[in-house]
Amino acid sequence: MLFIFMGSSCTGKSTAANKIKERLDVEVFTGKDYLRMAKNKYEAWKLFYDKLLKASLKQDPVKGTIIYLITEKEELIKVKDIKNSYKIKFTAPLDIIKERFSQRMNGILPKPVEDMLERKNKEWEAIDGDMTVDSSQEEEIEKLMQLFTG
């Protein structure tokens, strides 16, 4: 199966993917990890796209499952033609996103970074997924985990 975890920075995509990976044998790709598949970025994308497509055709939620984490809307556009993917939109309240991001920056959140987080968060508001997970709500994370573990 192919799961696309999408949303702005610090909404819990990586944390959720890592929890799933601890329990199950799934492959996790982030952003442009696919560039490692070939020297030419176009060839790398083709190889990666084919890998995603193959995973999307499998019905077993564990064997051959790929989780692709997307933070940029442009990356989401590249996979829009893959019909059998399960898109999970991650959200969190903006103040929590800012707090999480500031931890990455040693507790300091410069105004341009804060503005960028606000802008990116707004961009993702208009995008729907097959499921939405508010990572600030533990019960929503548990519902997500049940997709993988039953």
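Up top is the structure these notes are about.
Quick caveat: nothing in here was measured; it's all calculated off a predicted structure.

Rules and cut-offs
- Residues numbered from 1 in each chain as written.
- Predicted model: local features only at pLDDT ≥ 70, side-chain atom pairs only at ≥ 80, totals over all residues.
- Heavy atoms only, no water.
- Phe/Tyr/Trp six-rings, centres within 6.5 Å; stacked < 30°, edge-to-face > 60°.
- Helix = DSSP H or I, 4+ residues; strand = E, 2+ residues; numbered from the N terminus.
- Buried < 20%, exposed > 50% of the residue type's maximum accessible area, 1.4 Å probe, protein only.
- Lys NZ or Arg CZ within 6 Å of the ring centre and 35° of its normal.
- Expected span 1.5 Å × (residues − 1).
- Arc of directions from axis to C-beta.
- Contact = heavy atoms within 4.5 Å.
- Core = buried A, V, L, I, M, F, W, Y, C linked by side-chain atoms within 4.5 Å.
- Pairing = 2+ DSSP bridges.
- Axes fitted to C-alpha atoms, helices over the stretch in contact; angles between N-to-C directions.
- Salt bridge = Lys/Arg side-chain N within 4 Å of Asp/Glu carboxyl O.

Student: Tell me about the packing of aromatic side chains, residues and numbers included.
Tutor: On inspection of all chains with the given rule, the structure shows eight aromatic pairs. With a centroid separation of 5.8 Å and 75° between ring planes, the pair formed by Phe3 and Tyr86 is classed as edge-to-face. Of this pair, Phe3 sits in strand β1 (residues 2-6) while Tyr86 sits in strand β4 (residues 85-91); the two residues are 83 residues apart in sequence, bridging distant segments of the chain. On the accessibility criterion, Phe3 (3% relative accessible area) is buried. Residue classification places Tyr86 among the partly exposed residues on the basis of a relative accessible area of 26%. Taken together through their ring pairs, the aromatic side chains of Phe29, Tyr34, Trp45, Phe48, Tyr49 and Tyr68 make up a single cluster. Here Lys78 stacks its cationic end above the ring of Trp45, 4.7 Å away from the centre of that ring.

Student: Describe helix α6 (residues 138-149), and please don't skip the residues or the numbers.
Tutor: For α6, with twelve residues, the first-to-last C-alpha span of 16 Å sits near the 16 Å given by 1.5 Å per residue. Taken residue by residue, α6 has Ile141, Leu144, Met145 and Phe148 as its buried positions. Axial view of α6: buried residues confined to an arc of 100°, hence all on one face. Residues of α6 that are buried in the fold lie against β1, α1 (13-23), β3 (66-70), β4 and β5 (131-134).

Student: Let's hear about the nonpolar core: which residues, and what values?
Tutor: Counting residues in hydrophobic clusters, the biggest one holds 20 residues, and the most contacted among them are Leu52, Tyr68, Ile70, Leu76 and Val79. Elements with a contribution of two residues or more to this core: β1, α2 (41-56) and β3. Among the elements that make up this core, the one with the highest residue count is α2 (six residues). Excluding anything up to four places from it in sequence, Leu52 contacts Leu2, Ile66, Tyr68, Val79 and Ile82. Grouped together as the second largest cluster of nonpolar side chains are 17 residues, Val26, Leu69, Ile141 and Leu144 included.

Student: Describe the sheet that holds β5, and please don't skip the residues or the numbers.
Tutor: The strands making up a sheet associate through backbone hydrogen bonding, with each pair oriented either parallel or antiparallel. The sheet built from five strands is open, its strands ordered β2-β3-β1-β4-β5 with parallel pairing. The sheet is open, and its two borders are formed by β2 (27-30) and β5, each paired with just one other strand. Averaged over all adjacent pairs, the angle separating strand axes in this sheet is 20°, with direction ignored. Across the sheet, α2 touches β1, β2, β3 and β4, and the angle it forms with β3 is around 125°.

Student: Can you lay out the pattern of salt bridges for me, pointing to particular residues and giving the numbers?
Tutor: Opposite charge on two side chains makes pairing possible when the charged atoms of those side chains draw close. Going through the model one piece at a time under the given rule, you end up with ten salt bridges. Glu75 is the partner of Lys78 in a salt bridge, and the nearest nitrogen-oxygen pair spans 4.0 Å. In this pair, Lys78 and Glu75 are both assigned in helix α3 (residues 73-78), three residues apart and thus about one turn of the helix distant. Classification of Lys78 by relative accessible area gives partly exposed; the value is 34%. Residues Asp81 and Lys80 are paired through a salt bridge, measuring 3.8 Å at the closest nitrogen-oxygen approach. Under the relative-accessibility criterion, Asp81 is labelled partly exposed at 49%. The exposure class of Lys80 is exposed, given its relative accessible area of 52%. A single salt-bridge network, built from bridges that share partners, covers Lys98, Glu114 and Glu118.

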